Amino acid sequence: MTASPKAEAAPPMVVVGAGPAGVRAAQTLLRHGVRPVIIDEAPLPGGQIYRQSPAPRGSARQRYGFEHKRAAAIHAAGARLREQADYRARTAVWNAAPGRLDLVRDGELDSLPYARLLIATGATDRVLPFPGWVLPGVFSLGGAQIALKGQHCLLGPRIVFAGTGPLLYLVAYQYARAGGQVQAVLDSAPLSRQAGALPALMNQPGMLAKGLYYLGWLRARGVPMHHSASLAAALGAARVEGVRARIGGAERTIACDALAVGHGLRSETQLADLLDCAFGFDAAQRAWLPQRDADGRSSVVGVYLAGDGAGIGGAIQAELSGERGALAMLADSGIDIDRARLRRLERRQAALSRFRQGLDRAFPLPSVDRDCDDSLIVCRCEEIRAGELRAAAAQYAIDDLNRLKALTRIGMGLCQGRMCQGGAAELLADCRGIPLSAIGRLRSQAPIKPMPLSTLGEARP
Amino acid sequence: MTVLHADVAIIGAGLAGTSAALALRRAGVSTILIERGLCGARASGVNFGGVRRQGRNMEQLYLAQRAQGIWARLPELIGTDAEYVRTGHLKLARSQEDLDKLIAYRDKVRDFELGLEILDAADLRRRFPALAPGIVGGSLCPGDGQANPRLLSPAFAHAAQRAGARLLEHCAIAHVDTQAGDFLLTAVDNRRIRAGTVINAAGAWGAVVAGWFGDDLPLQIKYPTMLVTEPLTPQIDVSLGVEGGGFYARQVARGNIVMGGGYGHALPGDRSRPGPAALAELGRAAPAVLPALASASVIRCWSGIEGYFPDKNPVIGFSPHTPRLVHAFGFSGGGFQIAPAVGEVLAEMVQGENTLMMAERFSASRWSARPTQ
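Not measured: the values here are computed from a predicted model.

> Break down the overall build of chain A for me, with residues and values.
A count of helices and strands for chain A gives 16 helices and 23 strands. What you see for chain A is a C-alpha radius of gyration of 22 Å, in line with the 23 Å of a compact globule of 461 residues. Projecting the C-alpha coordinates of chain A onto the three principal axes gives extents of approximately 70 × 55 × 40 Å. When the 461 residues of chain A are sorted by exposure, 50% land in the buried category. Across chain A, contacts joining residues at least 24 apart in sequence account for 68% of those joining residues at least 6 apart.

> Give me the lowdown on the sheet that holds strand 11 (residues 181-187) of chain A, citing residues and values where you can.
Residues and elements named next belong to chain A. Across the sheet, which stays open at both edges, the five strands sit in the order 9-16-10-11-12 with parallel pairing between neighbours. The sheet terminates laterally at strand 9 (138-140) and strand 12 (225-226), the two strands that pair on one side only. Bridge analysis of strand 10 (residues 158-163) against strand 11 gives six bridges, and the strand direction is parallel. Within strand 11, the residue paired with Phe161 across the bridge is Val185. Relative to the sheet, helix 6 (residues 166-177) contacts strand 10, strand 11 and strand 16 (258-262), its axis offset from that of strand 11 by approximately 175 degrees.

> I'd like to hear about the domain arrangement of chain A, residue by residue, with values.
Residues and elements named next belong to chain A. Annotation of chain A at the domain level lists domain 1 (5-124 + 266-335), domain 2 (127-263) and domain 3 (377-438). Centre-to-centre separation of domain 2 and domain 3, based on C-alpha positions: 27 Å. Between domain 2 and domain 3, the residue contacts involve four residues of the former and six residues of the latter. A per-class count over the side of domain 2 that touches domain 3 returns four nonpolar, no polar and no charged.

> Could you give an account of the interface of chain A and chain B, naming the residues involved and the relevant values?
Facing 20 residues of chain A, the contacting portion of chain B comprises 27 residues. Those elements that place two or more of their residues in the side of chain A that touches chain B are helix 14 (401-408), strand 23 (451-452) and helix 16 (453-456) of chain A. By residue number, the principal contributor to the side of chain A that touches chain B is helix 16 of chain A, which donates four residues. Here the residues of the side of chain A that touches chain B sort into 13 nonpolar, five polar and two charged.

> Tell me what's going on with the packing of helix 11 (residues 315-332) of chain A against helix 12 (residues 339-362) of chain A, and back it up with residues and numbers.
Residues and elements named next belong to chain A. Packing of helix 11 against helix 12 leaves a shortest axis separation of 10 Å and a crossing angle of 145 degrees. Crossing of helix 11 over helix 12 shows left-handed handedness. Along its contact with helix 11, which presents Ile316, Gln317, Leu320, Ser321, Glu323, Arg324 and Leu327, the element helix 12 presents Leu342, Leu345, Arg348, Gln349, Leu352 and Arg356. When grouped by side-chain class, the residues that make up the contact of helix 11 with helix 12 number six nonpolar, three polar and four charged.

> Any details on the environment of A:Ala77? Residues and values, ideally.
Residue and element names in this part refer to chain A. Looking at where Ala77 falls in the secondary structure, it is placed in helix 4 (residues 68-84). Overall, Ala77 belongs to the partly exposed group, with 18 C-beta atoms counted inside 10 Å. Leaving out residues up to four positions away in the same chain, Ala77 has contacts with Val23 and Gln27.

> Let's hear about the domain arrangement of chain B: which residues, and what values?
Residue and element names in this part refer to chain B. You can read the domains of chain B as domain 1 (3-49 + 150-218 + 309-369) and domain 2 (89-142 + 224-303). The interface of domain 1 with domain 2 comprises four residues on the first partner and seven residues on the second. Residues of the side of domain 1 that touches domain 2, tallied by class, amount to two nonpolar, two polar and no charged.

> Outline the environment of A:Pro290, supporting the account with residue identities and numerical values.
All names here are of chain A. With respect to the helices and strands, Pro290 occurs in strand 19 (residues 287-290). Of the residues examined, Pro290 has 23 C-beta atoms within 10 Å and is grouped as buried. Note: C-alpha distance between Pro290 and Phe279 (eleven residues apart in sequence) is 4.1 Å.

> For helix 4 of chain A, give the residues involved together with the corresponding values.
All names here are of chain A. Between the first and last C-alpha of helix 4 there are 24 Å, a value that for 17 residues agrees with the 24 Å anticipated at 1.5 Å per step. Every buried residue of helix 4 is listed here: Ala71, Ile74, Gly78 and Leu81. Within helix 4, the buried residues cover an arc of 85 degrees as seen down the axis, which keeps them to one side. The exposed residues of helix 4 that point more than 90 degrees off its buried face are Lys69, Ala76 and Glu83. Buried residues in helix 4 make contact with helix 2 (20-31), strand 2 (37-39), helix 3 (60-64) and strand 3 (86-88).

> Summarise the sheet that holds strand 4 (residues 92-97) of chain A; cite the residues concerned and give the values.
Strand-to-strand pairing in sheets goes through backbone hydrogen bonds, with the strands running parallel or antiparallel. Residues and elements named next belong to chain A. Pairing in this open sheet of three strands is antiparallel, and the strands run 4-5-6 from one edge to the other. Of all strands in the sheet, those bounded by a partner on one side alone are strand 4 and strand 6 (108-113). Ignoring which end each strand starts from, the neighbouring axes of this sheet average 25 degrees apart. Relative to strand 5 (residues 100-105), strand 4 is paired through five bridges, and the arrangement is antiparallel. Across the sheet, residue Val93 finds its bridge partner in strand 5, namely Leu103.

> Please set out the packing of helix 13 (residues 386-395) of chain A against helix 15 (residues 421-432) of chain A residue by residue, giving values where relevant.
Residues and elements named next belong to chain A. Where helix 13 meets helix 15, the axes come as close as 10 Å, and the angle between the chain directions of the two elements is 45 degrees. By the angle between their directions, the pair helix 13 and helix 15 is classed as oblique. Considering how the two elements wind past one another, helix 13 and helix 15 form a crossing that is right-handed. Here Ala386, Leu389, Arg390 and Ala393 of helix 13 lie close against helix 15, whose contacting residues are Ala424, Leu427, Leu428, Cys431 and Arg432. Looking at the contact of helix 13 with helix 15 residue by residue, the classes come out as seven nonpolar, no polar and two charged.

Thresholds, definitions, all that
- Residues numbered from 1 in each chain as written.
- Chains lettered and ligands numbered in written order.
- Predicted model: local features only at pLDDT ≥ 70, side-chain atom pairs only at ≥ 80, totals over all residues.
- Helix = DSSP H or I, 4+ residues; strand = E, 2+ residues; numbered from the N terminus.
- Rg over C-alpha atoms; globule rule 2.2 N^0.38 Å.
- Buried ≥ 20, exposed ≤ 12 C-beta atoms within 10 Å, placed from the backbone.
- Contact = placed C-beta atoms within 7 Å.
- Pairing = 2+ DSSP bridges.
- Axes fitted to C-alpha atoms, helices over the stretch in contact; angles between N-to-C directions.
- Domains from an automatic or database assignment.
- Nonpolar A, V, L, I, M, F, W, Y, C, P; charged D, E, K, R; others polar.
- Left-handed = near helix turned anticlockwise from the far one by under 90°.
- Expected span 1.5 Å × (residues − 1).
- Arc of directions from axis to C-beta.
- Parallel < 35°, antiparallel > 145°, perpendicular 65-115°, else oblique.

Put into structure tokens, the structure is as follows:
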């Protein structure tokens, strides 16, 4: 696979996403003499978790906490890719067909054929509706983290963290360390779940220790932290002024200027869907995910999946699955790979999987409040309320999410269901009394994210 | 498994099938509506949503005029107006030659009283300031309009159900037989339906269904490409088309502009995808007609699966070979507006009345009678 003219003319191997999975995948390809094309929306490598600010302030330690060494390693590997591979920053995939990606960069279209493709598109926050969630001042946990890491901004000054998951404590810690006034951390998971998950979490004692450190640090500084605390509403007229929560059976109101909500993460699966990869329902993540074998092969020949875009596994698992996916791409192309390395990856992935199962157990994903009021906005782009959803579902006996979309407009707005699909699916399944797995998922349509109409016209035959 | 009986079985619960089912039930005829997927989820549910008479072949205008009356009565018929609004339909001319064609069309269809109004460039600028300068003129049909296809077909299907029709969704027919002069249809899941008459309203799959009965009809399948923008401030209140075709657009109440033009391609599993060339052409054509669209974002594109006959007319009529089999498909991209009238005509046809004007133009045997043009 080196420099013969014929090989150069053949379509390249392509990696979409330059987070931990994509960077490790591309690096692995390079190490085997294959020069990949890397496509990433951000200006700099790192993905969401190790997002790099174009003009960083403070130390990496301040921005990335305990993970600063991992962040620095990914950034350094990413920087080498920029020199050695065909690295296309600020470039988005807006459409795809078998063997071809449609790209857009600064309003310019391009078409990229691929021989093999690794999809490492990462994740976004899983957003669920609750009363007041559309008020200004309510952020997703990831949004709050980006404000801090990417823009050096503290939301608040008084901020409440609510929801669940390990990130909840991490971001609260990062805010408190950076001078934010953390009013409370409200974790919907019961403490007993976290205690029960300890054996599984012991699979990664280092990671467990970090989590416990954040908790201890917050507690030592008097930050109120509550378990089994469910967020009842964000309060406020023109913007958020407080939150109402049910804590241990009692309702409490906590004043704040910002609320950051973590309902878990959801994989960005549109590209895999556009390429017709088979999907399966994942009960722990309450979501449909592209199916893959242990090496990361999707159901479509030549398409591989790695990282959080194929199911939430965390940043370290993403690095491992990225490397392993690249090894599969190489092996499938007839290139020799190091089998011992593959077995080491397998072992580390297995341990991380057990840890992940512990996390899933410790922080079960919250759902929408099934008794939520009919006035609750479920789809904020199209301003569709729970009552409209329930009425249409009953009138037309809807048990398919695409049907709900057709009849109510849910998921037809700017976000194309990326934000509202989870909540709408939970509510539909609940009001029809059928399992979440039985109502299907929204079909992906190009463009993957909104793009200017006139840009479409730039394409030349 | 028990056999379901009805006087009429309709294959395909798109707009033609569901409106026929409703009309049959209103006449008291027992009806079963058979749909492979969900009612109104194919071309009937994902089309552009233009409710347009202007520009149709003369022979279709009888149906179009009859349908115009039905559209006005939708709330009493099906319980919703499906967002139908008589906004007018404006067909633009990009050259004097095209404007001459619009004028000739107006003169040709004068007897139908569509109220067509020819506008020159100055009229266009005054009445539709959002249009790009340089458009030579247009023809306005004030009584035409637009509606929401996603709501209309399911509403027809459910109205038919309320009127006593039986709707079988997720019911793909595997084979057909005859039994004592009746049709016996067997579904993939072994459900069986026995009926005296069958209406083939299977849309893009109509020729396949016709083939089961030995009718070979020259249907071509295409995949109209459409897209929708983010919501914009009010730009244009008429539905737009262009003489010569290739671009159509309308702004919905929420402000989004829905538009289409060109064709996509098939995907496995009876699905389709917009065509890259069609999208590129839309990206160029749309700002050339509505300059505000140059900075608008596209949020979604899609395509439907539609059957076309060479003369752009559907087949509406009895099978040349099989008694009591009626075909109604191949609307060639123009079925949405006329379908409610087609439903009524089909119901009458099944009951022995022929109310279809210029029926030979819609006949299933029109290709065997003379060579195709």
